[in-house]
Amino acid sequence: MTIENQRKISNIIFKGLPGALAAFGGLFLLILFFTNPYPVSRLLNGYFIEPILTPLQLTKLGTDIFSIDVENYIVFQNIESLPQNLSPFFHQSIGVLCLLLISLGTSLVSTFKRMYFIGGAAGIIFLLTFSGLSGLNLMTVGGNLPLIIMMSASLLPIGFISFFKSHWTLLQRLILVTSIQTLAFVFLIYLSPIEEPFLYVSENLTLPLAVISCLFLFHIGHAFISGSTIFLLKLNQGVKLKISWHITILSSLYFLLVLFTLLELMGEVSLPFPTLPPIVLMILAGLLGYYVLQFKIDQTTQVYDHPIVGPSCYLIGFAICILTWNKGLYTENQALIDFLNHTFLYGQIALSLLFFGYLMTNFSSIINQGSEIEKVLFKPQFFAYFHMRIGSVMTLVILVIFANGIIVTQLSSASSIFSADYYYMTDRPQHARILYENAWDQYHRNDRVKNMTAHLYFSEKQPALGLRHLEESFDFAPSILNIILYSNKLHQSNKVLDAIFYLEKGLEKFPKNEYLANNLALLYAKTNRPKEAISVLKDLEDPSEVVKANLLALAVRHQIDLEKDVEPKDDPIQHINLLALENKKGNFADFTVDFQQVPNIEIVKAAAIRNQWSNHTNSPLTTDLSYIDSLISIAQTGLHERNFLGSRIIRLIQDDEINEALKYLSGAVITYPNQAEEFQLLAADLLISQVDLEKAAKELALAVATQSTKIKPHHLAVLYFGDREAAAKAYIERFQASFPPWMTFELNGELISNDQVAFFRILGKFHQKTGKQLLAEMNMLSADNLKTDLAYFLMLHKAHWFSMEEMKLLKSILTQSENTIWDEDEFDSYVAYLKNGKTDKLPKNIKKLIKPELSPTRNAYLTPLILLEVAQLNDALQRYEILQEAIQHNKDPKLWMAYAKESRTIGLGNYATKALEELANWVEKNEFEKLLMENL
């Protein structure tokens, strides 16, 4: 290999590798700092739902509007603090990268001149001593054998090279040193009996890495001032401007910036203007320091002969500092972050101040002459650069004393956190908890540490101690993370007012914080303070999608109109709540919820499905039923299973699958006896929509027997006219309820007759009556609007009874009265459809009513459609099955006659006889005989 190739490879390894790690690490550090305040502490959305009643369908019975009321759900999101999510992979990855950098640095020590080599070796011994290697417990617990092995593996190779192979290239030195160190390290890891020994080393290695980072931060202490000075000197060459003023102003502004940043970090002042984060200043100073480095190397005596050593050592230090800062920020080790912040700012204040004095002392007389002063910037005539460093050290000591030596406490606390994280990641929570407590006792500005201490106490079933630690955190070092956890735990303990108190105080400390405001608003709502809840959320300047969804949910829950209409966003929770609002208003929503985008949480999925299907559907019935059945089969609790079943029933109702819906409602009453009331009322409302007051009254009577409190006045009317008068009166007496206003009684208990009463008397046995009876009763009604309504029901359910003359009468009522329902074309199209079943020219309203694309047998109460379908079938068994299902619901006499006829056709005469015997119970004898003659 040629010398040129060796030089290129050496540059790639010793400069390119640490430079790349510093660059990518710095980018990751900035992204992490500005985008993710809680990398390992988990603040997640906790979901809960509240039901609201919304109308699914409306049915007009005379002057009353009957609705099928179903539960919809509004979804609230409460911010929850969960235990931290530490990643062993991240910790081990940082460990691998830092070990690689340390190996590069160790090989470079072999290039140092004699005395400096001894100093470098002493530094390696010092750093290894604090690396925690003794904790690998090789041979004995806490023995020094691992430390001795690693010292030997590090010092012997570089000693051998320094004394006997000083002519070796950097690449040869690296191969020898890295090989021996790697073999020794693998040997120690392999033989160590402790759990996850490499993770242990990665954690404990962070302490010496923090010391190396500290030295690097001191090294770049004047990088900004010296770098900007060199830049201005180069610009001023041949120009001869008075750049001393520029340098003075720039240095003063930078000095004040870092000074005020330190004071704000220490909590000494509250500044009215923002300052730059130390992380940003550190990266800027690191870049400028590399720019200044070559000038410093050229002008001062160096401790090495290889020109690449200086830049490589700088980049290794820069990369280690970046990686250490990354680890502190990613693991939320606030003690380590504050140690690095303080160290950096101390160095910037001390060295910037002294370097400015050094600069002006030596070069003030010639700095404005435009000469190449940068070439002798570090070769002063009076105030030596070495003396400047001594003065900087003294200033550093003064700053450390001024800050009460806090960096020592910070480093000690950070070290305890390293060990605690190791125990936490190896599933030893008690060890971790003790160390977390110790870390917080040393340094209170440790949000995650206190949070994890509380979480671990809660996991150990010691809630009192967990709450005590959270209270301590609030008293000494309040943080958003711990206030959220504390208030949530108080809420769970039914101490709602205490939870509100701490959230309010938290908002005073952290104004406009979205997490605190969100949870406070939900507790305000729980304590019946909805206006305050909405006000808290509205005060947020840039609310997130979570806040918007909660704001909408609160408005729906408490029936408060928002100032402006809510537009649907991509957030599925907002869609769910907006659907609830539209369903409450009876509006059609022009959007749909994508169930695949909904969080995979059962209560949220149940809310999405219920609200969407209560409004409108987009997929075929078979697809939707298959989907909901799959969810029912994997439901984790009976509550979730019941919710999904309710949504299945709603989906059936939306496609007018009345037979199936009633069947599932009947099964649900048996399956869920404690919630039977819900399904009985839904069945009753559904039967009322089909004008079957008799069966609806039966369902309502069962609900009354369970002492339901959800019976409404119109339900009592249905009970009365559905032959359940006793049940209605018993309910009224027990719950002090009342009939609808149009039902008034004489003193003797007789119902006073009026148009609405007459209308309901007709509807009481509507399906059991013949067409002739119903026409006669319709003609006796005096109110035209009631005649029109009844005529509509007759055409829908009884059209198969009427001759053409009778159809003409119904047509005139439906198309020419004041409250017309159809026009003549719609009426004629409907009649034509009942004759031939053709759907080519059906008007829109009739298509919507009949839904010819669906099965005509889906609704047993649409008797004309049932009989039309039967007439078109050639298979007698199919005809029988359709009719047999229909008579389970519908008591239409002609329907029963058709069933008896088909039963005899397929040889089931006994079924026919039984059906006719039942039919005779509600049809008058003369009419019954006439039906026998006409149909059998």
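Residues numbered from 1 in each chain as written. Predicted model: local features only at pLDDT ≥ 70, side-chain atom pairs only at ≥ 80, totals over all residues. Heavy atoms only, no water.

- You'll find the protein chain entered in an unreviewed UniProt entry as Tetratricopeptide repeat protein, with Belliella kenyensis given as the organism.

**Side note on the overall build of the protein chain**
Here is step 1 of the chain: In terms of helices and strands, the protein chain carries 42 helices and two strands.
Here is step 2 of the chain: For 936 residues, the compact-globule formula gives about 30 Å, and the C-alpha radius of gyration of the protein chain, at 42 Å, lies well above that figure.
Here is step 3 of the chain: Seen through its principal axes, the protein chain has C-alpha atoms that stretch 130 × 55 × 55 Å.
Here is step 4 of the chain: Counting over 936 residues, the protein chain shows a buried share of 54%.
Here is step 5 of the chain: Long-range contacts, defined here as pairs at least 24 residues apart, represent 67% of the contacts in the protein chain between residues at least 6 apart.
Here is step 6 of the chain: Of the roughly 42,600 Å² of accessible surface on the protein chain, a fraction of 57% belongs to carbon and sulfur atoms.
Here is step 7 of the chain: Within the protein chain, one finds 76 positive and 89 negative side-chain charges whose respective centroids are separated by 7 Å. (Helix = DSSP H or I, 4+ residues; strand = E, 2+ residues; numbered from the N terminus. Rg over C-alpha atoms; globule rule 2.2 N^0.38 Å. Buried < 20%, exposed > 50% of the residue type's maximum accessible area, 1.4 Å probe, protein only. Contact = heavy atoms within 4.5 Å. Areas by Shrake-Rupley, 256 points an atom, 1.4 Å probe, with all protein chains shown as cover. Lys, Arg positive; Asp, Glu negative; His and termini not counted. Charge placed at Lys NZ, Arg CZ, Asp CG, Glu CD.)

**A word on the pairing of strand S2 (residues 64–82)**
Successive residues of a regular strand alternate their side chains across the two faces of the sheet.
Here is step 1 of the chain: Judged by how many residues are buried, S2 sits mostly within the fold: 15 of 19 residues are covered.
Here is step 2 of the chain: Remark: two residues form the turn of the hairpin made by strand S1 (residues 42–61) and S2, two consecutive strands paired antiparallel; glycine 62 in that turn has positive phi of roughly 70°. (Pairing = 2+ DSSP bridges.)

**Observations concerning the side chain of asparagine 341**
Here is step 1 of the chain: Secondary-structure assignment places asparagine 341 in helix H12 (residues 334–363).
Here is step 2 of the chain: Sequence-distant contacts of asparagine 341, that is, excluding residues within four places in its chain, are made with Leu265, Pro278 and Trp325.

**Quick notes on the side chain of asparagine 890**
Here is step 1 of the chain: With respect to the element layout, asparagine 890 can be found in the loop between helix H39 (876–886) and helix H40 (893–905).
Here is step 2 of the chain: Classification of asparagine 890 as buried rests on a relative accessible area of 0%.
Here is step 3 of the chain: Here alanine 860 takes part through its backbone oxygen, which lies 2.9 Å from a polar atom of the side chain of asparagine 890.
Here is step 4 of the chain: A polar side-chain atom of asparagine 890 sits 2.9 Å from the main-chain amide nitrogen of aspartate 892.
Here is step 5 of the chain: What asparagine 890 contacts, discounting residues up to four positions off in sequence, is Lys695, His767, Ala860, Tyr861, Thr863, Leu895 and Trp896. (Polar contact = N/O pair within 3.5 Å; in protein donor to acceptor, adjacent residues only side chain to side chain.)

**Notes on the environment of serine 392**
Here is step 1 of the chain: Within the fold, serine 392 resides in helix H13 (residues 385–402).
Here is step 2 of the chain: Serine 392 sits in the buried class, given a relative accessible area of 2%.
Here is step 3 of the chain: For the pair serine 392 and phenylalanine 218, spaced 174 residues apart in sequence, the C-alpha to C-alpha distance is 9.4 Å.

**A short note on empty space enclosed by the protein**
Summary: where empty space remains is shown by rolling a probe the size of a single water molecule over the atoms.
Here is step 1 of the chain: The tally for this structure, following the rule as stated, stands at five cavities of 30 Å³ or more.
Here is step 2 of the chain: If you go around the largest cavity, you meet 13 residues; those closest to its centre are Asp692, Glu694, His767, Gln768 and Lys891.
Here is step 3 of the chain: Elements represented by at least two residues in the lining of the largest cavity include exactly helix H29 (693–705) and helix H32 (755–764).
Here is step 4 of the chain: At three residues, the largest contribution of residues to the lining of the largest cavity is made by H29.
Here is step 5 of the chain: Across the lining of the largest cavity, the residue classes tally to four nonpolar, four polar and five charged. (1 Å grid on protein atoms, 1.4 Å probe; cavity = no way out; pocket = protein on both sides within 12 Å on 5 of 7 lines; lining within 4 Å. Points joined across faces, edges and corners; volume = space filled by probe spheres on them. Nonpolar A, V, L, I, M, F, W, Y, C, P; charged D, E, K, R; others polar.)

**Some details on the packing of helix H22 (residues 545–557) against helix H23 (residues 572–585)**
Between two packed helices, both the angle of their axes relative to each other and the distance between the axes serve to describe the pair.
Here is step 1 of the chain: Two elements in contact, H22 and H23, have axes whose closest approach is 9 Å; the angle formed by their N-to-C orientations is 15°. If you check the angle between H22 and H23, you find them roughly parallel. The element H22 and its partner H23 pack so that their crossing is left-handed. Residues Glu545, Lys548, Ala549, Leu552, Ala553 and Val556 of H22 form the contact with H23, whose participating residues are Ile573, Gln574, Asn577, Leu578 and Leu581.
Here is step 2 of the chain: Residues of the contact of H22 with H23, tallied by class, amount to seven nonpolar, two polar and two charged. (Axes fitted to C-alpha atoms, helices over the stretch in contact; angles between N-to-C directions. Parallel < 35°, antiparallel > 145°, perpendicular 65-115°, else oblique. Left-handed = near helix turned anticlockwise from the far one by under 90°.)

**Digging into the layout of surface pockets**
Here is step 1 of the chain: If you add up the space inside the second largest pocket, you get close to 1,500 Å³.
Here is step 2 of the chain: What lines the second largest pocket is a set of 40 residues, among which Gln57, Leu58, Lys848, Leu849 and Lys851 lie closest to the centre.
Here is step 3 of the chain: Those elements giving two or more residues to the lining of the second largest pocket turn out to be S1, H23, helix H24 (602–615), helix H26 (638–654), helix H34 (784–797) and helix H37 (844–850).
Here is step 4 of the chain: Here the element with the most residues in the lining of the second largest pocket is S1; it accounts for six residues.
Here is step 5 of the chain: For the lining of the second largest pocket, a count of residues per class yields 15 nonpolar, 15 polar and 10 charged.

**Details of the packing of aromatic side chains**
Here is step 1 of the chain: The full count for this structure, using the stated rule, is 40 aromatic pairs.
Here is step 2 of the chain: Arranged with centres 6.1 Å apart and planes meeting at 20°, the rings of phenylalanine 721 and tryptophan 742 form a pair that is stacked. Note that phenylalanine 721 is positioned in helix H30 (residues 713–721) and tryptophan 742 in the loop between helix H31 (725–735) and H32, a separation of 21 residues in sequence.
Here is step 3 of the chain: For tryptophan 742, a relative accessible area of 12% gives the class buried.
Here is step 4 of the chain: An angle of 35° between the planes, with centres 4.7 Å apart, marks the rings of tyrosine 731 and phenylalanine 735 as tilted. (Phe/Tyr/Trp six-rings, centres within 6.5 Å; stacked < 30°, edge-to-face > 60°.)

**Details of the packing of helix H17 (residues 463–476) against helix H18 (residues 480–492)**
Here is step 1 of the chain: For the pair H17 and H18, the least separation of the axes is 10 Å and the interaxial angle reads 135°. Here H18 runs oblique to H17, going by the angle between their axes. Pair H17 / H18 crosses with left-handed handedness. Listed contacts from H18 to Leu467, Leu470, Glu471, Ser473 and Phe474 of H17 are Asn482, Ile483, Leu485, Tyr486 and Lys489.
Here is step 2 of the chain: Per-class residue counts for the contact of H17 with H18 are six nonpolar, two polar and two charged.

**What to know about unusual backbone geometry**
Here is step 1 of the chain: Within the chain, methionine 139 stands out as a residue other than glycine whose phi angle is a positive 70°.
Here is step 2 of the chain: The topology assignment puts methionine 139 in the loop between helix H3 (114–129) and helix H4 (145–164).
Here is step 3 of the chain: Relative accessible area serves as the criterion here: at 74%, methionine 139 is assigned to the exposed category.
Here is step 4 of the chain: A positive phi angle is found at aspartate 656, which is not glycine, with a value near 60°.
Here is step 5 of the chain: Following the sequence through the fold, aspartate 656 ends up in the loop between H26 and helix H27 (658–671).
Here is step 6 of the chain: Relative accessible area serves as the criterion here: at 13%, aspartate 656 is assigned to the buried category.

**Digging into a nonpolar patch on the surface**
Here is step 1 of the chain: Taken together, the side chains of Met115, Tyr116 and Ile118 present a nonpolar region at the surface, about 370 Å² in accessible area.
Here is step 2 of the chain: Along the chain, tyrosine 116 falls in helix H3. (Patch = residues over 30% accessible without salt bridge, like charges linked within 9 Å, V, L, I, M, F, W, Y side chains within 5 Å. Salt bridge = Lys/Arg side-chain N within 4 Å of Asp/Glu carboxyl O.)

**A look at the state of the cysteines**
Here is step 1 of the chain: In total, this model carries zero disulfides according to the counting rule given.
Here is step 2 of the chain: Between cysteine 214, a cysteine without a disulfide, and cysteine 321, which holds the nearest cysteine sulfur, the sulfur-to-sulfur distance is 9.4 Å.
Here is step 3 of the chain: Look at cysteine 214 and you get buried, because its relative accessible area is 12%.
Here is step 4 of the chain: A relative accessible area of 0% places cysteine 321 in the buried class. (Disulfide = S-S within 2.5 Å.)

**A word on the pattern of salt bridges**
Here is step 1 of the chain: Scanning the entire structure with this criterion turns up 29 salt bridges.
Here is step 2 of the chain: Across the pair arginine 433 and glutamate 460 runs a salt bridge whose closest N-O atoms are separated by 3.1 Å. Here arginine 433, found in helix H15 (residues 429–442), pairs with glutamate 460, found in the loop between helix H16 (447–459) and H17; they are 27 residues apart in sequence, far enough to count as distant.
Here is step 3 of the chain: Judged by relative accessible area, arginine 433 falls into the buried class, the value being 11%.
Here is step 4 of the chain: Between glutamate 805 and lysine 808 there is a salt bridge; the shortest N-O distance is 3.8 Å.

**Observations concerning H17**
Here is step 1 of the chain: An ideal rise of 1.5 Å per residue puts 20 Å on 14 residues; H17 measures up with 20 Å between its terminal C-alpha atoms.
Here is step 2 of the chain: Lining the buried residues of H17 we find H15, H16, H18 and helix H19 (496–509). (Expected span 1.5 Å × (residues − 1).)

**Structural notes on the environment of glutamate 372**
Here is step 1 of the chain: Residue placement: glutamate 372 occurs in the loop between H12 and H13.
Here is step 2 of the chain: Accessibility expressed as a relative area gives 41% for glutamate 372, which makes it partly exposed.
Here is step 3 of the chain: Note: C-alpha distance between glutamate 372 and valine 239 (133 residues apart in sequence) is 12 Å.

**Brief notes about the pairing of S1**
Here is step 1 of the chain: As paired strands, S1 and S2 are joined by 19 bridges and run antiparallel to one another. Its bridge partner being in S2, leucine 43 is matched across the sheet by serine 81.

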